[in-house]
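Chain by chain, the residues:
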Amino acid sequence: MTVVLSTIEATAEPMLPRPFEVVATRRETADTVTLDFAATDGEGLQFSPGQFTMIYAFGVGEVPISVAGGSADDNVLTHTVRAVGAVTDAICSAEAGTQFGIRGPYGIGWPMDAAEGGDVVVVAGGIGLAPLRPVILRLLDNRARYGAVSLLYGTRSPDDLLYEEELRQWRGRFDIEVEVTVDRAADGWYGDIGLVTNLLTRIEYDPENVTAMVCGPEIMMKVVAREMGRAGTDPSSVYVSMERNMKCAVGFCGHCQYGPDFICRDGPVFTYAAVRDRMRVSEL
Amino acid sequence: MTTSQTKVVERVDLGILIDLLADSGYDVIGPTKQDQTIVYRPISAIDDLPIGWTDVQDGGSYRLVRRDDSALFGYVVGPHSWKSYLFPPRSVLLTIENVDGELIFTPPDAPDRRYAFIGIRACELAAIAIQDRVFLGSGQVDTTYANNRAGLFTVGVNCAVAGGTCFCASMKTGPRCLAGYDLVLTEVLDESTHHFVFEAGSDAGGEVLHQLPGRDATEADFARVAAIVDDTAAHMGRSMDTRRVREDIYTNRDSAHWDRVAERCLSCANCTLVCPTCFCSTTEDTASLDAALGQRERRWDSCFTLDFSGLHGHPVRETPTARYRQWLTHKLATWQDQFDSIGCVGCGRCITWCPVGIDITHEVAAIRTRSEVPA
Ligand SMILES: Cc1cc2nc3c(=O)[nH]c(=O)nc-3n(C[C@H](O)[C@H](O)[C@H](O)COP(=O)(O)OP(=O)(O)OC[C@H]3O[C@@H](n4cnc5c(N)ncnc54)[C@H](O)[C@@H]3O)c2cc1C
Ligand code: SF4
Ligand code: SF4
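Residues numbered from 1 in each chain as written. Chains lettered and ligands numbered in written order. Predicted model: local features only at pLDDT ≥ 70, side-chain atom pairs only at ≥ 80, totals over all residues. Heavy atoms only, no water.

Enquirer: Where do I start with the domain arrangement of chain B in this structure?
Expert: Where interface size is given, it is often the accessible area lost as the parts come together that is meant. Residues and elements named next belong to chain B. Annotation of chain B at the domain level lists domain 1 (3-90 + 111-233) and domain 2 (245-287 + 300-369). For domain 1 and domain 2, the distance between their C-alpha centroids amounts to 28 Å. Counting the surface lost from both domain 1 and domain 2, the interface buries some 2500 Å², and carbon and sulfur atoms represent 64% of this. Per-residue buried area on domain 1 facing domain 2 is highest for K83, I130 and F167; these three make up 22% of the total on that side. Here domain 1 is connected to domain 2 by two salt bridges. A salt bridge links E284 to R90, with the shortest nitrogen-to-oxygen separation between them at 3.2 Å. Run the count over domain 1 and domain 2 and you get 23 residue pairs in polar contact (both at pLDDT 80 or more). (Domains from an automatic or database assignment. Buried area = accessible area lost by both parts, 1.4 Å probe. Salt bridge = Lys/Arg side-chain N within 4 Å of Asp/Glu carboxyl O. Polar contact = N/O pair within 3.5 Å; in protein donor to acceptor, adjacent residues only side chain to side chain.)

Below you can see the structure in the form of structure tokens.
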């Protein structure tokens, strides 16, 4: 049993992070912060939209976080993090200069190439806008390659909106339709109230030549896929980003299994066609 | 280097094998008797083996009893498996130095040792091959596993007895060692003789075999070996029909039988800890009080815990039904999609060590019966 493994010691350690330093922070909401990181060795992290990294907070732990933007050439890596527990608290309370360990990027992201030549519908719920932000930036940078582009975004309340300044800019453009809704309004809110899925009927797209990219609670992703299916969109043109507990991101820890798939490496982005049957089964 | 392909080694000479391996620098690990069970620990002589003992196993029960002979390998598998050495229950992934806020990540040095495992059963060789695919063969290479696995020397044993919960014959993993060994032995013991028929499975095995005293094996020796393993195969305590098992489990995701198993299941995770193929793990982070040094450790985890599937404040698999379904579905169905093989080798450990005697062979049979009934 000795033969097979003679070369193995030479391979790189798959769970070894690199040090990254926080260079800027922007508070988005009461519990959510956007942070720009820079690799201390100067080597920016190359990613595609929809991929995620593992962020290690010293002595606390390591969590999967989607890439929300940045540029490898400029050595900027942007993450938007909602504080829900020990590690995300540590990230959200970090100041410029704090170092974290980051490894990745991991996973299969959004179908930016496959979507070319057709319409694109982006649907986000809550923090689900974070992994879709690089999609929107990429669409706008390469606007001519795509047909009609729309963004539907829903949050619990106006206070929970991410990227407000950017949203305002995007709404001001004529080449992207942006619709925002909240579950509960507050004073000064003149926009929509209700489920993000209700906005689908309002936008223009060719149901038979569209790519949908959807990230939010599972129930919301299901409803979007179903509604678009009713309008004539094939379930293999609707992409959803799945979330499960995750400890290693390289297919060893077993936590993110979703039926036969490891979400860390076979996802997190799947076609609705691929996961539709599984989404019907509770506690899978 | 000269090699031998086969050899018949007398009982009195078998200790030389351990000496040879130890002298070549291996850490030699083998079965030993401890606290009324047989577990794998370092050995330095034949007397360390559980000579003259056997195990009586059934659902939820394990007992060591005396044999009426002095066989060296006259038992089957206990609560330990070799995964404790290759994929240890705890291992350090990283140490992190914090020098005034600057983080320096260091993986542990590769250990300076090689293991020789003596007494690996056929089902266990199959289990190691399965974990090889998980940790070495699916894209990324797990460093801890690879380091422990590198240079491993394996001495397999063809089983001369079948345990009460064994079903390797139906899983096609045993009782004869099929692949993955450097050496394999069959123990031949009766009133007139006590010897071991060795076969080499690799050059490294052939070199060691060449240095052992003994004679070449004959047709008669191999006929005896065949008779022994055939008899073992005929006396399996359990069996499982693996044909279409994946499809049957997928179509029976909502079988009422999952609930019936879950009513008995304690979610104690024993089954996953004793299983030689289960590979799930979690991580633990610590830091020294002065915050100068951090450590990431990996430890075995189990899909039977609530934390395992924690997401947004709730476990995804909240009910024991969902957790048992996850475990069994993974072993027998999704494993095939992930790694091109079934995730169970038929060792019977999960049956023996389940405190309430839940039996994977019975449960899967009950879960799939419904698919034979027209809807
Ligand atoms: C692919 C992927 C991308 C993600 N992207 C983002 C993102 O861009 N921004 C963001 O704020 N969050 C994101 N998350 C969720 C984030 O990983 C969890 O909020 C985080 O792990 C919680 O860890 P904690 O130590 O802060 O909290 P804990 O105290 O560990 O737990 C808080 C809550 O989070 C759940 N949780 C714990 N560990 C995990 C885990 N490893 N994965 C998922 N949930 C977990 C727990 O069940 C609990 O309900 C993403 C998750 C995945 C799987
Ligand atoms: S599932 Fe049970 S019988 Fe199968 S390999 Fe694991 S412990 Fe052995
Ligand atoms: S099946 Fe048995 S061993 Fe496994 S978790 Fe349930 S009670 Fe424990």
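From this point on, the discussion continues.
Enquirer: Explain the domain arrangement of chain A here, please?
Expert: Residue and element names in this part refer to chain A. Its domain assignment divides chain A into domain 1 (18-106) and domain 2 (119-278). For domain 1 and domain 2, the distance between their C-alpha centroids amounts to 22 Å. In this assembly, 21 residues from domain 1 lie in contact with 20 residues from domain 2. Summed over both sides, the interface of domain 1 with domain 2 buries roughly 1600 Å², with 61% coming from carbon and sulfur. Counting across the domain 1 and domain 2 interface gives zero salt bridges. If you tally residues by element for the side of domain 1 that touches domain 2, the top one is strand β6 (residues 76-82), at four residues. Its residues placed into classes, the side of domain 1 that touches domain 2 shows nine nonpolar, eight polar and four charged. (Contact = heavy atoms within 4.5 Å. Helix = DSSP H or I, 4+ residues; strand = E, 2+ residues; numbered from the N terminus. Nonpolar A, V, L, I, M, F, W, Y, C, P; charged D, E, K, R; others polar.)

Enquirer: Sorry if this is basic, but what is going on with the environment of R168(A) here?
Expert: Mapped onto the elements of the fold, R168(A) is located in helix α3 (residues 164-172). The spatial distance from the C-alpha of R168(A) to the C-alpha of L140(A) is 14 Å, given a sequence separation of 28 residues.

Enquirer: I would appreciate a short explanation of the site of ligand 1 in the present structure.
Expert: Taken together, 22 residues lie near ligand 1, and P64(A), R82(A), T88(A), L311(B) and G313(B) sit nearest. Nearby residues around ligand 1 are contributed by chains A and B. A distance of 3.3 Å separates an oxygen atom of ligand 1 from a polar backbone atom of G310(B). In the complex, the protein chains occlude 83% of the 840 Å² of accessible area that ligand 1 would expose alone. Among the elements of the structure, β4 (61-66), β6 and α1 (86-92) of chain A together with β14 (310-311) of chain B are those that each provide at least two residues to the shell around ligand 1. Per-element tally for the shell around ligand 1: the top contributor is β4(A), with four residues. Its residues assigned to classes, the shell around ligand 1 comprises eleven nonpolar, eight polar and three charged. (Near = heavy atom within 4 Å. Areas by Shrake-Rupley, 256 points an atom, 1.4 Å probe, with all protein chains shown as cover.)

Enquirer: Explain the packing of aromatic side chains to me, please; I cannot follow it from the model alone.
Expert: Geometry of an aromatic ring pair is reported as the spacing of the ring centres plus the angle between the planes. What the rule picks out here adds up to 24 aromatic pairs over all chains. Pairing F279(B) with W335(B) gives two aromatic rings, centres 5.4 Å apart and planes at 75°, and the pair type is edge-to-face. Separated by 56 residues along the polypeptide, F279(B) in the loop between α10 (270-274) and β12 (281-287) and W335(B) in helix α11 (residues 320-339) bring together distant segments of the chain. Taken as a pair, F279(B) and W335(B) share a single burial class, namely buried. Ring geometry for Y324(B) and W327(B): centres 5.8 Å apart, planes at 55°, overall tilted. Linking Y324(B) with W327(B), this pair stays in helix α11, spanning three residues, or about one helical turn. The residues Y324(B) and W327(B) share a single accessibility class, namely buried. One aromatic cluster in this structure is built from F252(A), F262(A), F87(B), F135(B), Y145(B), F279(B), W300(B), W335(B) and F339(B). Above the plane of the ring of Y163(A) lies R133(A), whose end atom (NZ or CZ) is 5.3 Å from the centre. (Phe/Tyr/Trp six-rings, centres within 6.5 Å; stacked < 30°, edge-to-face > 60°. Buried < 20%, exposed > 50% of the residue type's maximum accessible area, 1.4 Å probe, protein only. Lys NZ or Arg CZ within 6 Å of the ring centre and 35° of its normal.)

Enquirer: How do you make sense of the packing of helix α9 (residues 257-264) of chain B against α11(B) when you look at a structure like this?
Expert: In a packed pair of helices, the relevant descriptors are the angle between the two axes and the axis-to-axis distance. Residues and elements named next belong to chain B. At their nearest, the axes of α9 and α11 sit 8 Å apart, and the two run at 105° to each other. The orientation of α9 with respect to α11, classified from their angle, is roughly perpendicular. Facing W258, D259, V261 and A262 of α9, the residues of α11 in contact are P320, T321, Y324, R325, L328 and T329. (Axes fitted to C-alpha atoms, helices over the stretch in contact; angles between N-to-C directions. Parallel < 35°, antiparallel > 145°, perpendicular 65-115°, else oblique.)

Enquirer: Would you mind going over the interface of chain B and chain A with me for this structure?
Expert: Each partner contributes residues to the interface: chain B has 66 residues there, and chain A has 42 residues. Between chain B and chain A lies a buried interface of about 4500 Å² when both sides are counted; carbon and sulfur atoms form 59% of it. Among the residues of chain B in contact with chain A, L103(B), F105(B) and R253(B) are the three that bury the most area, contributing 13% of the side total. Inspection of the region where chain B meets chain A yields one salt bridge. E62(A) is the salt-bridge partner of R296(B), the closest N and O atoms lying 2.6 Å from each other. Between the two partners, chain B and chain A, sit 17 residue pairs in polar contact (both at pLDDT 80 or more). Breaking the side of chain B that touches chain A down by element, the ones donating at least two residues are β6 (90-99), β7 (102-106), α3 (122-135), α4 (143-149), β12, β13 (293-300), β14 and α11 of chain B. Top contributing element to the side of chain B that touches chain A by residue count: α11(B), with eight residues. Taken together, the residues of the side of chain B that touches chain A sort by class into 30 nonpolar, 22 polar and 14 charged.

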